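Letter by letter, the chains look like this.
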Amino acid sequence: MVDNNNFALKTNNVYVHYGNKMAINNVALDFPKNEVTSLIGPSGCGKSTFLRCLNRMNDVIDSCKVEGSFIMNNTIDIYRDDLPIENLREKIGMVFQKPNPFPKSIYENVAYGPKIHGVTSSQSELDDLVKESLHRAGLYDEVKDRLTDVATGLSGGQQQRLCIARAISIKPEIILMDEPCSALDPIATAKIEDLINELKENYTIIIVTHSMSQASRVSTKTAFFHLGNLIEEGDTSKIFTKPDKEQTNDYITGRFG
Amino acid sequence: MSNIKKRLKAERRFKFYGQLGVFLSLLFVTLLMLKIFTTGSGAFFRTTIEADVFFDPKFMQVDKNSSDKEISRSSFEALADSVVNNNFKDLNEGQFIKVREMFTRRFDYQLRDYFLDNKDDYKKTVKLKITASSDLDQIVKGNYPRNVPEEQRKINDYQLSILDELNKQERIGSTFNFWFFTNGDSRDPETAGIWGAIMGSFYALMVCLAFAFPIGLFASVYLEEYTKPGKITDLIEVNINNLAAVPSIVFGLLGLGMLIGVFNMPFQVPLVGGLTLGFMTLPTIIIACRSSLRAVPPSIRHGALALGATKTQTTFHHVVPLALPGTLTGTIIGMAQALGETAPLLMVGMVAFVMEIPGGPLDPATGLPSQIYLWSESAERGFIEKTSAGIMLLLLFLILMNLTAVLIRRKVEVKW
């Protein structure tokens, strides 16, 4: 088996309830370090809910109850009471479905995270970090002359790459992406996918996607969810060629979902 | 099929009712405005009588070398009387009193103010336009009928004959009434001004803003961003909405009972008036702030939270700045409402006769609406046009404030 140290995050016995409604039913899923894992499944299958458990974004929803064990780097229980949620989110970043840059300048968007966490000690260091983050997100060349322009003036794809730059500016270990391309056109989507392929060198990426072709293009591991259950997980190549389960096969061949 | 005619007829009938309603309401507004403007425009001009003024040492306690302070303290009453005697020859005592009454009672002040600026005219004769008394002013403006029996007129036949004589000599004139904009209240309509009331309202509104805006903003931020929905939140919400509908006189009573009664704050001052208006405006501000906070998309909050910002950082770095235009708009509209409120001012005593211009929120003052109320209650004919002119100014301020609110809303609209 694979060495334990190679997992960035391990989850076990995960149950999520919205009020009385069960959204996730006994899921156990591990995420290998510096790889891309995609979560696929039909709408309402719980894949986004599961993703949001990983940086505790579900805490915002009052009726949402999360149970189970979430262990990061084999040591840190991310639901531990004495772990400040802010520190956790510094380690586990997130990119949302709809690009949500702050209606401030491009520079401010990227600089915000480092500022609140006190990552940099000087203005020039911050400038460099902003530059580097934009560079890594493949956006720097497009915006270098207008860093002070308001970010909402960028195109959808640029906004989403800005959100990725914002997420990596605080150097997280894991990046969660919740259908990051669903609001984008194919060209912008292709750019984001290229970016994901580059980013996995340094980060563990967990991506929720509706597009099976996207999952097969970007990820090394795929997990298929249905009605709150984890039906099957495994190497992407295997899931998309000879899945073990009938349900998985039906889904990837487009027979339902 | 058969009832289509009937249905179309009903359609036309209801359309007609609607148009009639719009027409009538526009008609009433137009009539109101017309009435206010025709009545009030007179207040911006005052009638003057040209007179030769000889700065006669015999009647003056000061000369051209006197200091401003000495001049300000000295009386010009005797000089004013001498001007009347010089310009209207051979008056007996009764006639003198009647002629003197045609000039403003502040005749001496006007002479003093002139002398302060023109000390070199000492022992010289100059032609000055002396303000007429309000009664004469009203006759000249045609607001008083002349053709009624003498005992029903404030200006008697003798004074009318003098007026006609002055008219013939072209010594009756009209000048722009700056006093209306610079003076405080006065017993004499010709010298009464609205500046004191404007300053009173200004200080009261500043106190109201300083009190209600921070409290309203923080209350709504807390209610909107921090509390969990539940019975208590619902109860608070319902109560705030109810408070917004409470008649203003009730808040006036609160101000009277609590601020003046319990906390022993002074009567008549803008501080208390402003706090009372603040109680009244608070629910309006909270409601406006909450709705603009709610209009900030959750994705902005999520973006900040996902970066590891605390709730307070998310709120004050992102949500509140984005909601600010909306909160400012709501606040200005609340202020405009407060500016027009009369009842709370009446309850806390900001409706007294105050001649001095208030210099701060602790000086006795009236407010714009209460000044209008005071003038409307006055018996003097000259105050009628002052009342309308006051209303015009009040409306002007209200329009300006609401316009500012609209402009802020248009200008600072955020694109998502």
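Residues numbered from 1 in each chain as written. Chains lettered and ligands numbered in written order. Predicted model: local features only at pLDDT ≥ 70, side-chain atom pairs only at ≥ 80, totals over all residues. Heavy atoms only, no water.

### Observations regarding the overall build of chain A
Line of reasoning, step 1. Tallying secondary structure elements over chain A gives 10 helices and 10 strands in all.
Line of reasoning, step 2. Relative to the compact-globule value of 18 Å for 257 residues, chain A shows a C-alpha radius of gyration of 18 Å, a close match.
Line of reasoning, step 3. Its C-alpha atoms give chain A principal-axis dimensions of about 55 × 45 × 35 Å.
Line of reasoning, step 4. Residues counted as buried form 52% of the 257 residues belonging to chain A.
Line of reasoning, step 5. Restricting the contact set of chain A to residue pairs at least 6 apart, pairs at least 24 apart contribute 67%.
Line of reasoning, step 6. Entry remark: accessible area of chain A is about 11200 Å², with carbon and sulfur atoms responsible for 47%.
Line of reasoning, step 7. Side chains of chain A carry 28 positive and 34 negative charges; the gap between the two charge centres is 2 Å. (Helix = DSSP H or I, 4+ residues; strand = E, 2+ residues; numbered from the N terminus. Rg over C-alpha atoms; globule rule 2.2 N^0.38 Å. Buried < 20%, exposed > 50% of the residue type's maximum accessible area, 1.4 Å probe, protein only. Contact = heavy atoms within 4.5 Å. Areas by Shrake-Rupley, 256 points an atom, 1.4 Å probe, with all protein chains shown as cover. Lys, Arg positive; Asp, Glu negative; His and termini not counted. Charge placed at Lys NZ, Arg CZ, Asp CG, Glu CD.)

### A word on the overall build of chain B
Line of reasoning, step 1. What chain B contains, in helices and strands, is 17 helices and three strands.
Line of reasoning, step 2. Its C-alpha atoms give chain B a radius of gyration of 29 Å, more than 25% over the compact-globule value 22 Å for 416 residues.
Line of reasoning, step 3. The principal-axis extents of the C-alpha atoms in chain B amount to approximately 90 × 75 × 40 Å.
Line of reasoning, step 4. Across chain B, contacts joining residues at least 24 apart in sequence account for 76% of those joining residues at least 6 apart.
Line of reasoning, step 5. One way to put it: in chain B the 43 positive side-chain charges average out to a point 14 Å from where the 39 negative ones average out.

### Quick look at the packing of aromatic side chains
Residue and element names in this part refer to chain B.
Line of reasoning, step 1. Scanning all chains against the criterion turns up 25 aromatic pairs over all chains.
Line of reasoning, step 2. Ring plane angle 10 degrees and centroid distance 6.0 Å describe the contact between Tyr222 and Tyr226, whose orientation is recorded as stacked. With a gap of four residues between them, Tyr222 and Tyr226 both fall in helix α9 (residues 195–226), about one helical turn apart.
Line of reasoning, step 3. Of the aromatic side chains, those joined through ring pairs into one cluster are Phe44, Phe45, Phe176, Phe178, Phe180, Phe181, Trp375 and Phe383.
Line of reasoning, step 4. Between the NZ or CZ atom of Arg171 and the centre of the ring of Phe88, over which it lies, the distance is 6.0 Å.
Line of reasoning, step 5. One Lys or Arg, Arg187, reaches over the ring of Phe353 and ends 3.8 Å from the middle of that ring. (Phe/Tyr/Trp six-rings, centres within 6.5 Å; stacked < 30°, edge-to-face > 60°. Lys NZ or Arg CZ within 6 Å of the ring centre and 35° of its normal.)

### Digging into the sheet that holds strand β1 (residues 45–54) of chain B
Residues and elements named next belong to chain B.
Line of reasoning, step 1. Judged by pairing direction, the sheet is antiparallel, and its three strands sit side by side in the order β2-β1-β3 without closing on themselves. The open sheet is flanked by β2 (125–131) and β3 (172–176), the only strands paired with a single partner. Direction aside, neighbouring strands of the sheet carry axes that sit 45 degrees apart on average.
Line of reasoning, step 2. Sheet analysis places β1 next to β2, joined by seven bridges and oriented antiparallel. Pairing of Val53 across the sheet is with Val126, part of β2.
Line of reasoning, step 3. On the sheet, helix α6 (residues 134–141) packs against β1 and β3 and is oriented at approximately 120 degrees with respect to β1. (Pairing = 2+ DSSP bridges. Axes fitted to C-alpha atoms, helices over the stretch in contact; angles between N-to-C directions.)

### Examining the side chain of Glu179 of chain A
Residues and elements named next belong to chain A.
Line of reasoning, step 1. Here Glu179 is to be found in the loop between β7 (174–178) and α7 (186–199).
Line of reasoning, step 2. Lys47 is the oppositely charged side chain nearest to the buried, salt-bridge-free Glu179, at an N-O distance of 4.4 Å.
Line of reasoning, step 3. With residues up to four places along the chain from it excluded, the contact list for Glu179 reads Lys47, Ser48, Gln97, Val208, Thr209 and His210. (Salt bridge = Lys/Arg side-chain N within 4 Å of Asp/Glu carboxyl O.)

### Focus on the interface of chain A and chain B
Line of reasoning, step 1. Residue-level contacts link 22 residues of chain A with 21 residues of chain B.
Line of reasoning, step 2. For the chain A and chain B pair, buried surface summed over both sides reaches about 1800 Å², with 65% attributable to carbon and sulfur atoms.
Line of reasoning, step 3. The three residues of chain A that bury the most area against chain B are Phe102, Pro103 and Tyr112 of chain A, which together make up 26% of that side's buried surface.
Line of reasoning, step 4. Where chain A meets chain B, there are zero salt bridges. (Buried area = accessible area lost by both parts, 1.4 Å probe.)

### Details of a nonpolar patch on the surface
Line of reasoning, step 1. A cluster of nonpolar residues, Phe14, Phe16, Tyr17, Leu20, Phe23, Leu24, Leu27, Phe28, Leu31 and Leu34 of chain B, forms a patch on the protein surface that exposes about 1000 Å² of accessible area.
Line of reasoning, step 2. Along the chain, Phe14 of chain B falls in helix α1 (residues 4–40). (Patch = residues over 30% accessible without salt bridge, like charges linked within 9 Å, V, L, I, M, F, W, Y side chains within 5 Å.)

### A word on the pairing of β1 of chain B
Line of reasoning, step 1. Relative to β3 of chain B, β1 of chain B is paired through five bridges, and the arrangement is antiparallel. Each residue of the ladder has a partner; that of Ile49 of chain B, found in β3 of chain B, is Ile172 of chain B.

### Quick word on the pattern of salt bridges
In a structure, side chains of opposite charge can pair up when their charged atoms sit close to one another.
All names here are of chain B.
Line of reasoning, step 1. Considering all chains together, one arrives at 23 salt bridges over all chains under this definition.
Line of reasoning, step 2. Taking the shortest distance from any N to any O, the salt bridge between Arg100 and Glu77 comes out at 3.5 Å. Of this pair, Arg100 sits in helix α4 (residues 93–102) while Glu77 sits in helix α3 (residues 77–87), and the two are 23 residues apart along the sequence.
Line of reasoning, step 3. Judged by its relative accessible area of 12%, Arg100 falls in the buried class.
Line of reasoning, step 4. Close ionic contact of Glu101 with Lys98 constitutes a salt bridge, the shortest N to O distance being 3.6 Å. Placement of both Glu101 and Lys98 in helix α4 is noted, with a separation of three residues, approximately one turn of the helix.
Line of reasoning, step 5. Judged by relative accessible area, Glu101 falls into the partly exposed class, the value being 41%.
Line of reasoning, step 6. Counted as one network, the salt bridges with shared partners bring together Glu224, Glu237, Arg290 and Arg294.

### Comments concerning the domain arrangement of chain B
All names here are of chain B.
Line of reasoning, step 1. You can read the domains of chain B as domain 1 (42–177) and domain 2 (195–415).
Line of reasoning, step 2. On a C-alpha basis, the centroid separation for the pair domain 1 and domain 2 is 45 Å.
Line of reasoning, step 3. Contact residues are listed per partner, giving 13 residues for domain 1 and eight residues for domain 2.
Line of reasoning, step 4. Buried surface at the junction of domain 1 and domain 2, both sides included, amounts to about 800 Å², of which 49% is carbon and sulfur.
Line of reasoning, step 5. Taken as a group, Ala43, Phe44 and Gln138 account for 47% of the area that domain 1 buries against domain 2, more than any other trio of residues on that side.
Line of reasoning, step 6. A salt bridge links Glu385 to Lys141; the nearest nitrogen and oxygen atoms lie 2.8 Å apart.
Line of reasoning, step 7. Inspection of the region where domain 1 meets domain 2 yields four residue pairs in polar contact (both at pLDDT 80 or more).
Line of reasoning, step 8. Of the residues contributing to the side of domain 1 that touches domain 2, the split by class is three nonpolar, five polar and five charged. (Domains from an automatic or database assignment. Polar contact = N/O pair within 3.5 Å; in protein donor to acceptor, adjacent residues only side chain to side chain. Nonpolar A, V, L, I, M, F, W, Y, C, P; charged D, E, K, R; others polar.)

### Topic: the side chain of Arg46 of chain B
All names here are of chain B.
Line of reasoning, step 1. For Arg46, the location among the structural elements is in strand β1.
Line of reasoning, step 2. At a separation of 3.1 Å, a polar atom in the side chain of Arg46 contacts the side chain of Thr131.
Line of reasoning, step 3. For Arg46, the residues in contact, after removing those within four places along its chain, are Thr131, Asp137, Gly173, Ser174, Thr175, Phe176, Asn177, Phe178 and Trp179.

### Description of the confidence of the model for chain A
Line of reasoning, step 1. Here chain A shows a mean pLDDT of 90. Residues at 70 or above account for 97%.
Line of reasoning, step 2. Averaged pLDDT values over the elements of chain A bottom out at 88 in strand β5 (residues 76–77) of chain A and peak at 95 in strand β8 (residues 204–208) of chain A. (pLDDT = per-residue confidence, 0-100.)

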